[in-house]
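For reference, the chains in residue letters:
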Amino acid sequence: MKPLPPGTTIGIIGSGQLGRMLSVAAAQLGYQTHIFAPVTGPANDVSAGFTRGAYDDEEALGVFASHADVVTYEFENIPADPIRELARHVPVHPSPAALAVAQDRIAEKSFAEKLGGRAAPWRRVGNQRELEAALGEIGYPAILKTTRFGYDGKGQARLMKPEDAVGAWDAIGGRPAILEGFVTFEAEFSILLARSTDGSIATWPAPKNEHKNGILALSTVPASPEIAAQHAEAAGLASRIAQELDYVGVLTLEFFASADGPVFNEMAPRVHNSGHWTIEGAVTSQFENHIRAICGLPLGPTGLTGKKVSMENLIGEDALPENVAHLLAEPGAHLHLYGKHEVREGRKMGHVTRVKR
Ligand code: AMP
């Protein structure tokens, strides 16, 4: 692919903080961005163009496509069919096929297993009776998750004992679901890779990820020795998935580091919260390499800029002015606020990155 020249407009579906940080990276490389979303959000503050529309509004998507030379997306909970239609008019990266796999827990687990990855034992569950049958095979503890549209631990129920299963399928919304066996893990980590249009792949050092209430709280790099020992196997799976999908852009895979090796949890066809540290902590950030990849530019190097990097999420009230004052006073603390006007419990409002040189 011929590199897209500066001045080109990149269409981004979604107006959240990932779209905001992608737009900043795009601007640095001389590109413009145009956002498509039902409502304005953090991305609109730094992007000149906007088309408002529901994610399945093909007419509005058509208007959006007329403004963009290439299209990408910042989250995967969008219907795949309208994106397939969009891809007939403008290049879409990652491809709609990659989106379809990554937005469905059953599709992504099957895909990873086919390519040699290991997932927790799982069963498809479509009603309460199937849930009980699946629990009979998998046992307790187990986790029930909706196959689609879950994020930050939403659409999930932990089942520790038979009483917890009563009405559990209704409790997660009575939607198609997957029952997973509980993985005993030492730590969680993610593999972030970028793949360009010419098929070259760059992988960042894997962050160790710590969650609070199902939401990412802290990512640290380099990760602990148990994660380092599992990095090659996990990164190998990520590369095979990216090659098989002829993937273009940043791809994220989440893993549990278990005593038996890496256990694949899920993947995201996009830049990821566990890669925010790359803005200051890596030679090239996940956002810049995503823009480079989808515009046909060579990928930048992914090594660390310091000895240790940490990224802490600012959730809800953590980001209030009185609570970030100390961060502004801390030398070398890189504060990012997403400009969200309404503070809500559990809402990602910003993050802070520290690089130890
Ligand atoms: P997910 O939405 O799949 O990323 O799940 C959110 C969090 O729940 C994960 O980051 C883990 O901390 C935990 N979790 C999810 N699935 C499992 C599992 N099968 N075994 C143990 N913990 C899990």
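Starting from 1, residues in each chain are numbered consecutively following that chain's sequence as written. Reporting of local features is limited, given that this is a predicted model, to residues whose pLDDT is at least 70; pairs of side-chain atoms are given and counted only at 80 or more, and all residues count toward the totals for whole chains, interfaces and linings. Calculation of side-chain values draws on the structure's entire complement of heavy atoms; hydrogens and water are dropped beforehand.

Here we come to the sheet that holds strand E1 (residues 9-13). Consider a sheet: its strands pair through backbone hydrogen bonds, and that pairing is either parallel or antiparallel. Strands qualify as paired when DSSP identifies two bridges or more between them. Starting at the N terminus, helices and strands are each numbered in turn, a helix being any DSSP run of H or I of at least four residues and a strand any DSSP run of E of at least two. Read from one edge to the other, the open sheet built from 4 strands follows the order E3-E2-E1-E4, with strand pairing classed as parallel. Whereas interior strands pair on both sides, the edge strands pair on one side only; in this sheet they are strand E3 (49-52) and strand E4 (70-73). Across the sheet, the axes of successive neighbouring strands diverge by a mean angle of 25 degrees, strand direction being ignored. For E1 and strand E2 (residues 32-37), the ladder comprises 5 bridges, and the chain directions are parallel. Looking at E2, one finds that Ile13 is bridged to Phe36. A contact between two residues is defined here by any heavy atoms of the two lying within 4.5 Å. Between the N-to-C directions of two axes lies an angle of 0 to 180 degrees, each axis being a line fitted to C-alpha atoms and, for a helix, fitted only over the stretch in contact. Its contacts with the sheet put helix H1 (residues 17-28) on E1 and E2, and the angle it makes with E1 is roughly 170 degrees. Strand contacts of helix H2 (residues 58-67): E1, E2, E3 and E4, with the helix running at about 175 degrees to E2, the strand carrying the most contacts.

Here we take up a negative patch on the surface. By definition, no residue in a patch forms a salt bridge, and every one has over 30% relative accessible area; like charges are joined within 9 Å, nonpolar side chains (Val, Leu, Ile, Met, Phe, Trp, Tyr) within 5 Å. Per-residue accessibility takes into account occlusion by the displayed protein chains alone, with areas from the Shrake-Rupley method and a 1.4 Å probe. Salt bridge criterion: a side-chain nitrogen from Lys or Arg within 4 Å of a carboxyl oxygen from Asp or Glu. Counting rule applied: Lys, Arg positive; Asp, Glu negative; His and chain ends not counted. Charge placement uses NZ in Lys and CZ in Arg. For Asp and Glu, CG and CD serve respectively. Together, Glu317, Asp318, Glu322 and Glu345 line one region of the surface with negative charge. With respect to the element layout, Glu345 can be found in the loop between strand E16 (333-337) and strand E17 (348-356).

Our next topic: the pairing of E3. A 1.4 Å probe rolled over the protein chains alone gives each residue an accessible area, and that area as a share of the maximum for its type sets the label: buried under 20%, exposed over 50%, partly exposed in between. Because side chains alternate across E3, one face comprises the buried residues Gly49 and Thr51, and the other comprises Phe50 and Arg52, none of which is buried. Two elements, E2 and E3, share 4 bridges in a ladder whose sense is parallel. Among the inter-strand pairings, Ile35 is bridged to a residue of E3, identified as Phe50.

Segmentation into domains, and thus their bounds, comes from an automatic or database assignment. For the protein chain, the assigned domains are domain 1 (9-92), domain 2 (121-181) and domain 3 (187-356). Taking the mean C-alpha position of each, domain 2 and domain 3 sit 28 Å from one another.

Another point: the site of the ligand. One heavy atom within 4 Å of a molecule or strand is enough for the residue carrying it to be called near that molecule or strand. Neighbouring the ligand are 15 residues, the closest being Lys145, Gln156, Val183, Glu188 and Glu266. Counting of polar contacts relies on pairs of N or O atoms within 3.5 Å, with two restrictions inside protein: one atom must be capable of donating a hydrogen and the other of accepting it, and residues adjacent in sequence are counted only when both atoms are side-chain atoms. Taking Lys145, its side chain carries an N or O atom lying 2.7 Å from an oxygen atom of the ligand. Expressed as a share of its isolated accessible area of 480 Å², the protein-covered part of the ligand is 94%. Counting only domains with at least three residues in the shell around the ligand, you end up with domain 2 (121-181) and domain 3 (187-356).

With that settled, consider the sheet that holds strand E5 (residues 122-125). Strand order in the open sheet formed by 4 strands is E5-E8-E6-E7, with antiparallel pairing between adjacent strands. For this open sheet the edge positions go to E5 and strand E7 (156-159), each flanked by a neighbour on one side alone. On average, each strand axis in the sheet is inclined to that of its neighbour by 20 degrees, with strand direction left out of account. Sheet topology note: the strand E6 (residues 142-146)/strand E8 (residues 177-181) ladder contains 5 bridges and is antiparallel. In the sheet register, Thr146 faces E8, and the bridge partner there is Ala177. In the packing of helix H6 (residues 128-138) onto the sheet, the strands contacted are E5, E6, E7 and E8, and the crossing angle to E5 comes to about 170 degrees.

For the rest of this paragraph, the subject is the pattern of salt bridges. As enumerated under the stated definition, the model contains 16 salt bridges in all. Measuring nitrogen to oxygen at the nearest pair gives 3.9 Å for the salt bridge that ties Glu233 to Arg118. Linking Glu233 in helix H10 (residues 231-244) with Arg118 in the loop between helix H5 (105-114) and E5, this pair joins segments that are 115 residues apart in sequence. Owing to a relative accessible area of 47%, Glu233 belongs among the partly exposed residues under this scheme. Of the residues examined, Arg118 reaches a relative accessible area of 35% and is grouped as partly exposed.

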